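What the coordinates show
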Amino acid sequence: MTTSRMYGRWERPRSAGFFGLTWGASMLGLALTVAMMLAFMLTRSPAVVGVLLLASTVVFVPLVITVRGRTGWEIAVLRAQFALARHRGELSYRAGRFSRIPGASRLPGLLADSQLSEYETAGGRRFAMIHIRRPDHYSVIVRVIPRGKELVDQAQIDSWVEGYGAFLAAQSRGGEVIAVTAVLESVVETRLKQRREVARLVRPGAPDFAAAVMREATTDSGGGGARIEARITLTYRAIGKGRIRRDPEEQAREIGQRLQGVLSQLARAGLPATPLQAWEVIGLVRSRYDLAAQRDVEAAGAALTDTQTWDKSGPLAHEDRWDHYLHDGARSITWEMDGAPRGAVTETGLEELLRPRADVPRKRVAIVYRLHSAAEATKLVDSDFRDALAAEQTERGIASASASLRVGNTNAARQEHAQGAGLTRFGVLITVTDTQDADMPGIEASVQGMSAAARLDVRRCYGSQAASFAASLGVGLILPEHASISKRVSM
């Protein structure tokens, strides 16, 4: 009998402190206690100590109370930043010749300073490279064809999963890859791509019967009204030193040399891949911001760059609301993973979340792997193991049971890392886009049901819907690299 493999042992790093608190919160509480004792010794005034106690409570309590994984201070700072941005008018965007920022449909927000260029590898493969100048990141997107649902043996599926893990581990060893983003998206099927492909394949002098069969195949391809598109984005930090580090062309040459190895590793993971060219990336971004542009983009094909550029691939207007995002007549909502799956899962754990659905025709799931280099991973696995041991010795009751499990998980991570495995942080972004009059409460319930079936805890990206929408596109935008909230107020 064939048995499925289980995958798990994920842990959220947490420094051990007093009473189950983090180390930073414990040290802050100790410092506040010492400050109150010194104040009483110097003043002998209960009133002064009372004022200090009240101030300490205001500072300390929001730091230790968490709501859906966020501290009280983190929520308060996020709301203050959102209110300030709304007061400054930064949440609304209007393009056009009469706008404050000249230009037609420029990319807004964190993608405003990005640039798109196209290069060719030594093997003749053309690829698009996106440069986000603020963090100096360079990204390449490859289209993949997942093969996990093919009728193959379980051993072959296990081999593909192992190959994907080896691919991630290989990217993390040099420390040059900041993140790998895997995007699987459901989009409305127009069949324009199939018609264009058939027109390319059919010869002008082909028999009438054969040409008719090919044309019928494009109009009756089966399935529902949605198709699945999959892509993987590799985001690099600037490679090299001096002139090489500052020159995008040199960065493209370095990335192009690594690209063939990436494609080979993905092929061993059951993911045949092809780099996206510039016109494909422009069409991808344009059709996600403007739903009405999808048919025109797919009909234009490679001729899209005759009329469209990267500077014109954004929305004509958008409005960043607290809990949703309005753009060019559409409404999008993005959720983020609040917690990893509870317990171990099989390779089909995300199947319900990824499957196309008629009630959610435009759905995008982006899994972001933020890779640690080999040197960082060695320090982190040892540090996590020490913190887990300290927590097991200080906690009692149910907390002690979970701490014992964490000791086992972190010890296993140390052993696997010593055998050549990599270490990565991962998160999930789920974006649903539909017309403004769509049934968003029903879509909310559908997303919650799909994520529950995948054993994922998700929450809306409150106060950051526009940025989260751009990050889920898989164009190299890594949100933690643009964080505006200090780590000192978060867990």
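Quick summary incoming for the structure in this document. Everything quoted here is computed from the prediction, not taken from an experiment.

Tracing the backbone through its elements, the reader meets His318 in strand β10 (residues 317-320). Since its relative accessible area comes to 8%, His318 is described here as buried. Setting aside anything within four residues of it in sequence, one finds His318 in contact with Leu91, Ser92, Tyr93, Arg94, Pro108, Tyr325, Leu326 and His327.

Once that is clear, we can look at the pairing of strand β5 (residues 126-132). Along a regular strand, successive side chains alternate from one face of the sheet to the other. A large share of β5 lies buried, amounting to six of its seven residues. Here strand β4 (residues 114-120) pairs with β5 via seven bridges, running antiparallel. Opposite Ser114, over in β5, you have Ile132 as the bridge partner. In the sheet, β5 pairs with strand β6 (residues 137-144) via four bridges, with the strands oriented antiparallel. Considered in β6, the bridge of Met129 is made with Val140. Between β5 and the antiparallel strand that follows it, β6, lie four residues; Asp136 among them carries a positive phi value of about 60 degrees.

Turning our attention to the packing of helix α4 (residues 154-173) against helix α8 (residues 248-268). Two elements in contact, α4 and α8, have axes separated by 7 Å at closest approach and are oriented at 155 degrees. In terms of orientation, α4 and α8 fall into the roughly antiparallel class. Every residue of α8 that contacts α4 at Ser159, Trp160, Gly163, Phe167, Ala170 and Gln171 is listed here: Val262, Gln265, Leu266 and Arg268. The class makeup of the residues in the contact of α4 with α8 is five nonpolar, four polar and one charged.

Relative to β10, strand β3 (residues 92-94) runs antiparallel, the two being bridged by three bridges. For Arg94, the partnering residue across the bridge sits in β10 and is Ala317. Turn length for the β10-strand β11 (residues 325-327) hairpin, with the two strands adjacent in sequence and antiparallel, is four residues.

Further remarks concern the environment of Gln257. For Gln257, the location among the structural elements is in helix α8. Using a relative accessible area of 51% as the deciding quantity, one classes Gln257 as exposed. Sequence separation between Gln257 and Gly476 is 219 residues, and the spatial gap between their C-alpha atoms is 19 Å.

Side chains of nonpolar character tend, in soluble globular proteins, to be buried together. Residues Tyr164, Val180, Ile232 and Leu266 are the most contacted members of the largest nonpolar core, which totals 48 residues. No other element matches the six residues that α8 contributes to this core. Among residues more than four places away in sequence, those in contact with Tyr164 are Ala182, Ile232, Ala269, Leu271 and Tyr369. Residues Leu107, Val285, Cys461 and Ala470 belong to the second largest nonpolar core, which totals 29 residues.

Another aspect to go through is unusual backbone geometry. Across residues other than glycine, the phi torsion is negative in most instances, and most of the peptide bonds are trans. The phi angle at Arg44 is positive, at roughly 55 degrees, despite the residue not being glycine. Along the chain, Arg44 falls in the loop between α1 (23-43) and α2 (46-64). Assessed through its relative accessible area of 60%, Arg44 is described here as exposed. A positive phi is found at Asp136, a non-glycine position, where the angle reads about 60 degrees. The topology assignment puts Asp136 in the loop between β5 and β6. Classification of Asp136 by relative accessible area gives partly exposed; the value is 23%.

Conventions adopted
Residues numbered from 1 in each chain as written. Predicted model: local features only at pLDDT ≥ 70, side-chain atom pairs only at ≥ 80, totals over all residues. Heavy atoms only, no water. Helix = DSSP H or I, 4+ residues; strand = E, 2+ residues; numbered from the N terminus. Buried < 20%, exposed > 50% of the residue type's maximum accessible area, 1.4 Å probe, protein only. Contact = heavy atoms within 4.5 Å. Pairing = 2+ DSSP bridges. Axes fitted to C-alpha atoms, helices over the stretch in contact; angles between N-to-C directions. Parallel < 35°, antiparallel > 145°, perpendicular 65-115°, else oblique. Nonpolar A, V, L, I, M, F, W, Y, C, P; charged D, E, K, R; others polar. Core = buried A, V, L, I, M, F, W, Y, C linked by side-chain atoms within 4.5 Å.

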